[in-house]
Number of protein chains: 2
Amino acid sequence: MPTIRDVARYAQVSVGTVSNVLNGSTLVKDETRQRVLMAIEALNYHPTAAARSLSTQRTNTIGMIRSEIRLQGNLIETDPMVLDLIDGITSAAISSSTGLTFWAIPAGEREMALYKQLVTSRQIDGLILFALREKDPRVAYLREQEFPFVIFGRFESDEGDNWIDVDGAGGIEAAVRHLVELGHHRIAYLSPPHEQYLTGLRWQGFVQGMRDMNVPIDLALVYEGDFSEKSGQLGTHYFLDQPNPPTAIFCNNDRMAFGAMRAIQARGLVVGQDVSVVGFDDVSLARYSNPPLTTISQPIHHIGGALFDLLINLINQQPIDLLGGKLLKPELIVRQSTGMPR
Amino acid sequence: MPTIRDVARYAQVSVGTVSNVLNGSTLVKDETRQRVLMAIEALNYHPTAAARSLSTQRTNTIGMIRSEIRLQGNLIETDPMVLDLIDGITSAAISSSTGLTFWAIPAGEREMALYKQLVTSRQIDGLILFALREKDPRVAYLREQEFPFVIFGRFESDEGDNWIDVDGAGGIEAAVRHLVELGHHRIAYLSPPHEQYLTGLRWQGFVQGMRDMNVPIDLALVYEGDFSEKSGQLGTHYFLDQPNPPTAIFCNNDRMAFGAMRAIQARGLVVGQDVSVVGFDDVSLARYSNPPLTTISQPIHHIGGALFDLLINLINQQPIDLLGGKLLKPELIVRQSTGMPR
DNA sequence: ACACCTAATTGAACCGGTTCAATTACAGTA
DNA sequence: TACTGTAATTGAACCGGTTCAATTAGGTGT
């Protein structure tokens with residue numbers, strides 16, 4: 001494996017010159033540059049990433065850590081939405097030849113240890129956080145360390161310039177309006193897990209939407225899910241077992257909505273007629289479910305790219321201009337899972 | 001940021017000793033070890049990953065590259081199955097504090113350039129390949145470079161010890177048997193894209209299954225999809241527009257099966273009665289679709305972990321024992337999307 | 001007291017890049 | 001021809017670990 005010194009010798013120049021050629025410095029005479037390039041070609045030389053990182057203090061890698069969450073012992077699978085996020089990030093990352101490194105670890109002490117590891121060992125240049133929890137210790141730590149990071153979502157205050165979020169509350173208000181306009185008065189709310197930070201924001205949107213439409217909230221029609229299809233199913237059975245069941249169910253993600261539809265159908269009821277269902281995310285399958293799911297669409301692929309750009313600017317300490325704004329408007333996509341109540 | 005020399009000075013030992021403590025060498029006297037550990041604690045020292053990589057030639061990172069594929073200009077989204085694979089890999093990786101780095105790049109010249117980059121710059125210790133294509137240039141290159149890599153799937157010959165696959169052909173044979181036993185004779189086949197290497201293997205399974213059951217294959221009932229819901233939908237409309245339409249459709253992944261079910265339902269037909277549908281993968285949603293999807297289940301989370309272990313052994317040049325075997329038996333999960341033909 | 005052996009410790013050399021002060025090359029001017 | 005200014009090049013020092021031959025410490029046997 002040739003080193004920069006081999007190239008220098010072959011091209012009869014110094015290592016400094018080779019380095020300048022590699023990094024596109026304008027200080028190199030054209031003829032010399034050609035000679036160096038030919039040497040690089042001839043020896044099939046590629047700079048070693050680790051050596052470069054060591055002296056530049058940059059790794060050209062950003063990180064993302066999934067908090068594995070277990071409920072009753074079984075792992076909650078990653079939401080397909082995250083895959084779209086990854087797609088968006090990596091698509092944007094490739095143009096600046098940056099990689100996205102992934103870890104998965106259960107929330108808790110070991111999680112913090114991993115974050116500390118990564119930050120202090122300079123294994124990555126920055127982090128993308130998502131699915132923040134209430135009083136999330138990760139944010140405090142990263143802030144304290146002044147380590148570059150961006151958040152998909154908000155946290156505690158809307159201040160700071162390192163987050164991008166979708167106005168989920170606004171989306172829910174729109175969904176409630178849609179349901180009430182169809183004639184629904186008993187609307188159930190399938191909540192995200194209470195540990196999640198967004199749970200509070202989403203709930204506010206629901207409360208606001210119901211208030212705006214003058215519909216009372218029945219706390220018997222609120223169920224805490226965990227984003228899995230299973231919990232959507234369980235919550236829906238719980239709702240439909242009530243003496244006074246709902247005619248519509250708002251679900252905080254599409255997976256729970258799919259579970260909800262399944263539960264409704266298992267009781268011989270028709271989704272969109274007997275019970276309406278609204279989801280959140282608009283995963284690609286939502287359009288192909290039976291019936292197609294009314295849901296709140298977030299431009300997740302675009303958000304992934306925007307988060308990446310934001311993070312890179314943060315890392316490079318460049319001024320940040322969030323042209324598209326940092327609080328994006330989601331869009332209610334009406335399909336056949338919602339209809340007038342019977 | 002303290003370095004190993006700072007720690008050495010603080011603990012009044014040499015850098016070599018600190019390094020020995022860090023790497024768990026038994027050559028250090030217990031008392032000295034304690035002093036060093038206290039210094040590490042006091043200075044809050046963490047070794048720099050790049051420096052370590054430079055001298056050990058190991059990065060503790062493995063890579064995975066998604067080939068972005070565009071058809072008619074639009075990006076094919078990543079299959080949710082891949083997310084489960086990532087989950088499986090990262091779950092296994094964390095215990096050996098290894099990260100998984102991700103890139104996405106369109107297949108073609110730039111793709112090969114990226115592979116060469118990564119291999120020669122020693123940015124990663126090994127690669128996990130998936131979704132191999134016919135005559136895939138990546139395999140030849142990596143073999144030639146003797147770079148450690150493992151494949152989810154097989155390639156050209158079943159030789160080599162660096163792959164794990166599911167016996168897709170066997171799964172399809174079982175699916176065909178299931179359909180024929182229900183009474184189906186006109187079975188359509190929704191194929192993967194022809195560029196994919198597994199397409200040939202899967203087709204052989206279909207042919208074998210049909211032959212075993214003495215059912216003729218009608219080439220008018222074969223359609224090449226691209227793994228997207230959309231293509232499942234298109235293929236199904238194509239099938240149902242035939243003068244002599246099928247009573248069952250085998251789809252090579254669940255996403256296409258969801259599209260197929262949607263198309264069937266759009267025509268006012270009932271899935272599992274008028275037309276049966278079988279998928280492949282058993283993604284988590286398959287159990288919650290309407291009707292629940294009969295599909296071929298692969299232990300994808302487990303495969304992710306096994307691929308990781310295999311790769312680590314390859315990297316460490318340790319003997320490999322694939323206890324579970326490298327060709328795993330998939331399982332046909334019968335749900336309500338298949339039934340007797342009318 | 002001395003030889004001998006093992007356990008522990010040392011620190012210079014190395015991994016392979018980048019950086020920048022110092023030096024050299026060369027063209028333009030007096 | 002000497003002088004000046006800019007362009008190009010040089011190479012030692014540095015980034016922060018690991019490694020290992022050489023050295024020292026400490027214990028045992030005679």
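Residues numbered from 1 in each chain as written. Chains lettered and ligands numbered in written order. Predicted model: local features only at pLDDT ≥ 70, side-chain atom pairs only at ≥ 80, totals over all residues. Heavy atoms only, no water.

1. Some words on the sheet that holds strand β11 (residues 276-281) of chain A
Strand pairing in a sheet relies on backbone hydrogen bonds, with the paired strands running either antiparallel or parallel.
Residues and elements named next belong to chain A.
Here's step 1: The strand order across the open sheet formed by 6 strands is β9-β8-β10-β11-β12-β14, and the pairing between neighbours is mixed. The open sheet is flanked by β9 (222-224) and β14 (331-333), the only strands paired with a single partner. Neighbour to neighbour, the strand axes of the sheet diverge by 20 degrees on average, direction disregarded.
Here's step 2: Across the face of the sheet, helix α8 (residues 168-182) comes into contact with β8 (187-191), β10 (248-251), β11, β12 (294-297) and β14 while running at roughly 165 degrees to β11. (Pairing = 2+ DSSP bridges. Helix = DSSP H or I, 4+ residues; strand = E, 2+ residues; numbered from the N terminus. Axes fitted to C-alpha atoms, helices over the stretch in contact; angles between N-to-C directions. Contact = heavy atoms within 4.5 Å.)

2. Description of the nonpolar core
Here's step 1: Counting residues in hydrophobic clusters, the biggest one holds 54 residues, and the most contacted among them are Met64(A) and Met64(B).
Here's step 2: Once residues within four sequence positions are removed from consideration, Met64(A) is found in contact with Val82(A), Leu85(A), Ile86(A), Ile89(A), Leu100(A), Thr101(A), Phe102(A), Trp103(A), Leu127(A), Ile128(A) and Phe130(A).
Here's step 3: Among the nonpolar cores identified, the runner-up in size contains 42 residues, and Ala188(A), Leu293(A), Leu240(B) and Leu285(B) belong to it. (Core = buried A, V, L, I, M, F, W, Y, C linked by side-chain atoms within 4.5 Å. Buried < 20%, exposed > 50% of the residue type's maximum accessible area, 1.4 Å probe, protein only.)

3. Quick look at the domain arrangement of chain A
Here's step 1: In terms of domain boundaries, chain A breaks down into domain 1 (4-47), domain 2 (61-166 + 300-328) and domain 3 (168-298).
Here's step 2: Distance between the C-alpha centres of domain 1 of chain A and domain 2 of chain A: 37 Å. (Domains from an automatic or database assignment.)

4. Focus on the protein's contact with DNA strand C
Here's step 1: Around DNA strand C, the surrounding shell holds 27 residues, and the nearest of these are Ile4(A), Arg5(A), Ser19(A), Ser14(B) and Thr32(B).
Here's step 2: When the atoms of DNA strand C within 4 Å of the protein are sorted by group, sugar and phosphate make up 67%.
Here's step 3: In the model, a phosphate oxygen of DNA strand C is placed 2.3 Å from a nitrogen or oxygen of the Thr32(B) side chain.
Here's step 4: Of all elements in the fold, only α1 (4-11), α2 (15-22) and α4 (49-56) of chain A together with α2 (15-22) and α4 (49-56) of chain B reach the threshold of two or more residues within the surface near DNA strand C.
Here's step 5: Per element, the largest residue contribution to the surface near DNA strand C is 5 residues, and it comes from α4(A). (Near = heavy atom within 4 Å. Polar contact = N/O pair within 3.5 Å; in protein donor to acceptor, adjacent residues only side chain to side chain.)

5. Topic: the environment of Leu322(B)
Residues and elements named next belong to chain B.
Here's step 1: In this structure, Leu322 sits in the loop between α12 (300-315) and β13 (327-328).
Here's step 2: Through-space distance from the C-alpha of Leu322 to that of Asn162 is 10.0 Å; in sequence the pair is 160 residues apart.
Here's step 3: Those residues in contact with Leu322 that lie beyond four places of it in its chain are Trp163, Ile164 and Leu310.

6. Side note on the interface of chain A and chain B
Here's step 1: Taken together, the contacts link 54 residues of chain A with 54 residues of chain B.
Here's step 2: Of all residues in chain A, the largest losses of buried area upon contact with chain B belong to Leu83(A), Arg262(A) and Tyr288(A), amounting jointly to 14% of the total for that side.
Here's step 3: Linking chain A with chain B are 2 salt bridges.
Here's step 4: Here Arg66(B) and Asp87(A) are joined by a salt bridge, their closest N and O atoms 3.1 Å apart.
Here's step 5: In this assembly, chain A and chain B are joined by 22 residue pairs in polar contact (both at pLDDT 80 or more). (Buried area = accessible area lost by both parts, 1.4 Å probe. Salt bridge = Lys/Arg side-chain N within 4 Å of Asp/Glu carboxyl O.)

7. Overview of the protein's contact with DNA strand D
Here's step 1: Taken together, the neighbourhood of DNA strand D is formed by 27 residues, with Ser14(A), Thr32(A), Ile4(B), Arg5(B) and Ser19(B) sitting nearest.
Here's step 2: Here DNA strand D approaches the protein such that, of its atoms within 4 Å, sugar and phosphate make up 67%.
Here's step 3: Within the backbone of Ile4(B), one N or O atom sits 2.7 Å away from a phosphate oxygen of DNA strand D.
Here's step 4: Looking at the surface near DNA strand D, the elements that each hand over two or more residues are α2 and α4 of chain A together with α1 (4-11), α2 and α4 of chain B.
Here's step 5: Ranked by the residues each element gives to the surface near DNA strand D, the list is headed by α4(B), at 5 residues.

8. A look at the side chain of Thr59(B)
Residues and elements named next belong to chain B.
Here's step 1: With respect to the element layout, Thr59 can be found in the loop between α4 and β1 (61-68).
Here's step 2: In this structure Thr59 comes out as buried when scored by relative accessible area, which is 15%.
Here's step 3: Beyond its immediate sequence surroundings of up to four residues, Thr59 is in contact with Ser53, Arg122, Gln123, Ile124 and Asp125.

9. Considering the relation of the copies chain A and chain B
Here's step 1: Once turned by 180 degrees and shifted 0.0 Å along the axis, chain A lies on chain B with an RMSD of 0.0 Å. The transformation just described matches what one would write down for a two-fold rotation axis. Scanning chain A for the C-alpha nearest the rotation axis identifies Thr101(A), at a separation of 2.0 Å.
Here's step 2: Most of the interface of chain A is mirrored in chain B, where 100% of its interface residues are also at the interface. (Least-squares fit on C-alpha atoms with pLDDT ≥ 70 in both.)

10. A closer look at the environment of Thr78(B)
Here's step 1: Along the chain, the position of Thr78(B) falls in the loop between β3 (74-75) and α5 (80-93).
Here's step 2: Overall, the relative accessible area of 7% leaves Thr78(B) in the buried class.
Here's step 3: Between the C-alpha atoms of Thr78(B) and Asp136(B), which are 58 residues apart in sequence, the distance is 19 Å.
Here's step 4: With residues near it in sequence (within four places) discarded, Thr78(B) still touches Leu83(A), Asp87(A), Arg66(B) and Arg255(B).
Here's step 5: Here Asp87(A) takes part through its side chain, which lies 2.8 Å from a polar atom of the side chain of Thr78(B).
Here's step 6: Within the local environment of Thr78(B), its side chain forms a polar contact with the side chain of Arg66(B), the two groups lying 2.8 Å apart.

11. Considerations on the packing of α1(A) against helix α3 (residues 30-43) of chain A
Residue and element names in this part refer to chain A.
Here's step 1: At their nearest, the axes of α1 and α3 sit 9 Å apart, and the two run at 120 degrees to each other. In terms of orientation, α1 lies oblique with respect to α3. Crossing of α1 against α3: the hand is right-handed. Across from Asp6, Val7, Tyr10 and Ala11 in α1, the residues of α3 making contact are Arg35, Val36, Ala39, Ile40, Ala42 and Leu43.
Here's step 2: Residue composition of the contact of α1 with α3, grouped by class: 8 nonpolar, no polar and 2 charged. (Parallel < 35°, antiparallel > 145°, perpendicular 65-115°, else oblique. Left-handed = near helix turned anticlockwise from the far one by under 90°. Nonpolar A, V, L, I, M, F, W, Y, C, P; charged D, E, K, R; others polar.)

12. Describing the pattern of salt bridges
Residue and element names in this part refer to chain A.
Here's step 1: Applying the stated criterion across every chain, the model contains 32 salt bridges over all chains.
Here's step 2: In this structure, Asp6 and Arg9 form a salt bridge, with 3.4 Å as the shortest nitrogen-oxygen distance. With Asp6 and Arg9 both in helix α1 and 3 residues apart, the pair spans about one turn of that helix.
Here's step 3: The salt bridge partner of Arg133 is Glu111, with a shortest N-O separation of 2.7 Å. Placement of the pair is Arg133 in the loop between β5 (126-130) and α7 (137-145) and Glu111 in helix α6 (residues 109-120), with a sequence separation of 22 residues.
Here's step 4: A network of salt bridges, in which partner residues are shared, links Glu111, Arg133, Asp136 and Arg138.

13. Examining α1(A)
Residues and elements named next belong to chain A.
Here's step 1: All of the buried residues in α1 are Val7, Ala8 and Ala11. Looking straight down α1, one finds that the buried residues subtend no more than 100 degrees of arc, so they occupy a single side. When the buried face of α1 is taken as reference, the exposed residues oriented beyond 90 degrees from it are Arg5, Arg9 and Tyr10.
Here's step 2: Of the surrounding secondary structure, the elements contacted by the buried residues of α1 are α2 and α3.
Here's step 3: Trailing α1 by a residue or two, Gln12 shows a phi angle of about 60 degrees, which is positive. (Arc of directions from axis to C-beta.)

14. Focus on the packing of aromatic side chains
Here's step 1: For the coordinates displayed, the defined rule picks out 16 aromatic pairs over all chains.
Here's step 2: A ring pair is formed by Tyr238(A) and Phe239(A), whose centres lie 5.8 Å apart and whose planes are at 55 degrees; its orientation type is tilted.
Here's step 3: What makes Tyr238(A) partly exposed here is its relative accessible area of 35%.
Here's step 4: Measuring from centroid to centroid gives 5.4 Å for Tyr223(B) and Tyr238(B), while their planes differ by 45 degrees, and the two rings are tilted. Pair noted here: Tyr223(B) is in strand β9 (residues 222-224) and Tyr238(B) is in helix α10 (residues 229-240), with a separation of 15 residues, a long-range link.
Here's step 5: Cluster of aromatic residues (ring-pair linked, three or more members): Tyr189(A), Trp203(A), Phe206(A) and Phe250(A).
Here's step 6: Directly above the aromatic system of Phe280(A) lies the positively charged group of Arg202(A), at a separation of 3.7 Å from the ring centroid. (Phe/Tyr/Trp six-rings, centres within 6.5 Å; stacked < 30°, edge-to-face > 60°. Lys NZ or Arg CZ within 6 Å of the ring centre and 35° of its normal.)

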